Structure formats: structure tokens, C-alpha cells
Amino acid sequence: IDQAYQEIQQDRDDWLWMRKSFTVNTVAADGAYLYTDCTDTVTAIAIARFARWYRDSFKAYLSASGVGAEYELIWLEWERFRRIYRYGTQTDGQPSHVSMDPTQAFVLGPKPSAVYVVSGDYQLAPQTLAADADTPEMPSRFHNLIVYEAMMKYGGSRVAPEAMLRAVSEGGRLRAALERDQLPSITYGEALA
């Protein structure tokens, strides 16, 4: 069961139930923040299960100015960020760019010259069902999908075609419903010219 649930969680990297928000107060002259430095906005505790940052979600504001001064941070790929902000002497200032370094810390450029409040979204690492009383975090109306996925594993390993057939038939419909409900909507891109 746990293996089936692990695989469902890892099938997509954009499940809505696994997207969470964070916030962190920067420290002057410190431009790198690990996920453990950040606070989950719902649980109000440090992030413990982390998979990745959502690049398009970073915002910041000078703490002294308040949330009314909030602005977007522009994502740069690490190599470009490093060429701009990690060579030579740099002056601290108002962060305008964000990236992720090889340790998975998000990094700000330039380094903050004061306390800024940075917020954004991150993806949870997969939940492990360790105890019988553990409840999957995915929406409860889709919990049977975990059973069907486990049935497919059982049917494949025990040569139980009836279990495999039921799991494929019913599980396929439930997976399609989960994807409609828990994946971001498809949107049109901006004009190319």
C-alpha cells in the first residue's frame, strides 16, 4: 500500500495537494536559505518534507515597508545567477532575482541589505504511510486509487488476472478523476510576437 501511494505521489510533480506555501524573514547580508529556514504558512512550523521550489512563486517585500510593497522576484537559472551575483565583490541591496544553488537552497541576488519577507510555494516530498493509523494527504475521495494501484502490483506478482483487470478498469477511471481535480488547469501562453 505504501509503495503504491509513494508511486502515485511521484507520478506528477505538480499535484495540487502537494503544493504548499512558505515564508521566511531574511537576514541582512545573507543570501542563501535552506528549506529548513522557511516556515510553512499553514502549519506555522519549519518545512520538514521538501521536494522542490516553485520557481514562478517567489515574492518579497521590505519588512519595514509592509506587505503593500510586495514585488515578484525573477527566477534565474543557477549558472546565470552565479555569473551575475557570485563573482567578484557584490553590494548588498534589494533582492530582485532568485535561484536555487546545488544544495537546493534558494539564493537571492543581490543579498538583502535589510530584513525582507520572502514567500512562495514549494512541493512536499512524498508522504510515507508508516503506521496503520496514517492517513494519506491526497483528497480522501481518491484514497481507493491507492488500493487499486496496490491491486495491480498484487495481480502482477501473484498472477491474479481478476485483481489486475478490476484494478485497471476501476483504477483508471479514478486516476483520470484525480488528474482532473488535482492538476493545474491548462492555460494559453502569451503571444509569441
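What counts and how
- Residues numbered from 1 in each chain as written.
- Predicted model: local features only at pLDDT ≥ 70, side-chain atom pairs only at ≥ 80, totals over all residues.
- Heavy atoms only, no water.
- Helix = DSSP H or I, 4+ residues; strand = E, 2+ residues; numbered from the N terminus.
- Buried < 20%, exposed > 50% of the residue type's maximum accessible area, 1.4 Å probe, protein only.
- Arc of directions from axis to C-beta.
- Contact = heavy atoms within 4.5 Å.
- Polar contact = N/O pair within 3.5 Å; in protein donor to acceptor, adjacent residues only side chain to side chain.
- Salt bridge = Lys/Arg side-chain N within 4 Å of Asp/Glu carboxyl O.
- Pairing = 2+ DSSP bridges.
- Right-handed = clockwise from strand over helix to strand, strands pointing away.
- Core = buried A, V, L, I, M, F, W, Y, C linked by side-chain atoms within 4.5 Å.

Undergrad: So what exactly am I meant to see when it comes to unusual backbone geometry here?
TA: Across the chain, the bulk of peptide bonds are trans and the bulk of non-glycine residues have phi less than zero. In this structure, the amide linkage connecting Gly109 to the following residue, Pro110, adopts the cis form with an omega of -10°. The backbone of Ala44 shows a phi angle near 60°, a positive value even though the residue is not glycine. Counting through the fold element by element, Ala44 comes out in the loop between strand E3 (39–40) and strand E4 (52–53). For Ala44, a relative accessible area of 58% gives the class exposed.

Undergrad: Looking at this structure, how should I read helix H2 (residues 78–85)?
TA: Think of an α-helix as turning once every 3.6 residues; residues three or four places apart then point the same way. Among all positions of H2, only Trp78, Phe81 and Tyr85 are buried. On an axial view of H2, the arc spanned by its buried residues comes to 60°, and they lie on one face. For H2, the elements touching its buried residues are strand E8 (97–100) and strand E9 (106–109).

Undergrad: Before we go on, may I ask you to explain the side chain of Glu149 in this structure?
TA: Looking at the element boundaries, Glu149 is found in helix H3 (residues 144–158). Given the relative accessible area of 15%, Glu149 is considered buried. One polar contact links Glu149 to Arg175, side chain to side chain, over a distance of 3.1 Å. The contacts of Glu149, once residues within four sequence positions are left out, are Ala4, Ile8 and Arg175.

Undergrad: Help me understand the pattern of salt bridges in this model?
TA: Here the idea is simple: oppositely charged side chains can pair when their charged atoms come close. A complete count under the given rule lists 9 salt bridges for this structure. Between Asp56 and Arg19 there is a salt bridge; the shortest N-O distance is 3.8 Å. Here Arg19 lies in strand E1 (residues 19–25) and Asp56 lies in the loop between E4 and strand E5 (59–62), a separation of 37 residues in the sequence. Classification of Asp56 as exposed rests on a relative accessible area of 62%. Arg19 gets classed as partly exposed once you look at its relative accessible area, which sits at 30%. The salt bridge involving Glu149 is made with Arg175; its shortest N-O contact spans 3.1 Å. Of this pair, Glu149 sits in helix H3 while Arg175 sits in helix H4 (residues 161–182), and the two are 26 residues apart along the sequence.

Undergrad: For this particular structure, what's the right way to read the pairing of E1?
TA: Look at any regular strand and the pattern is simple: side chains alternate between the two faces of the sheet. Pairing of E1 with strand E10 (residues 116–123) involves 7 bridges; the strand directions are antiparallel. The partner of Asn25 across the bridge, within E10, is Val117. Sheet topology places E1 next to E3; 2 bridges connect them, and they run antiparallel. The partner of Phe22 across the bridge, within E3, is Asp40.

Undergrad: It is not clear to me how the pairing of E8 should be interpreted in this structure. Could you clarify?
TA: Pairing analysis gives 2 bridges linking strand E7 (residues 74–75) to E8, with the strands arranged parallel. Counterpart to Ile74 in the pairing with E8 is His97. With H2 bridging E7 and the parallel E8, this β-α-β connection has right-handed handedness.

Undergrad: For this particular structure, what's the right way to read the nonpolar core?
TA: A general trend in soluble globular proteins is that nonpolar side chains are found buried together. Core analysis: the largest hydrophobic core is formed by 38 residues, its most contacted members being Phe22, Phe58, Phe106 and Val118. Elements that contribute at least two residues to this core include exactly helix H1 (2–11), E1, E9, E10, H3 and H4. The element best represented in this core is H3, accounting for 5 residues. If you look at the next biggest cluster of nonpolar residues, it comprises 5 residues, including Leu76, Phe81, Tyr85 and Val107.

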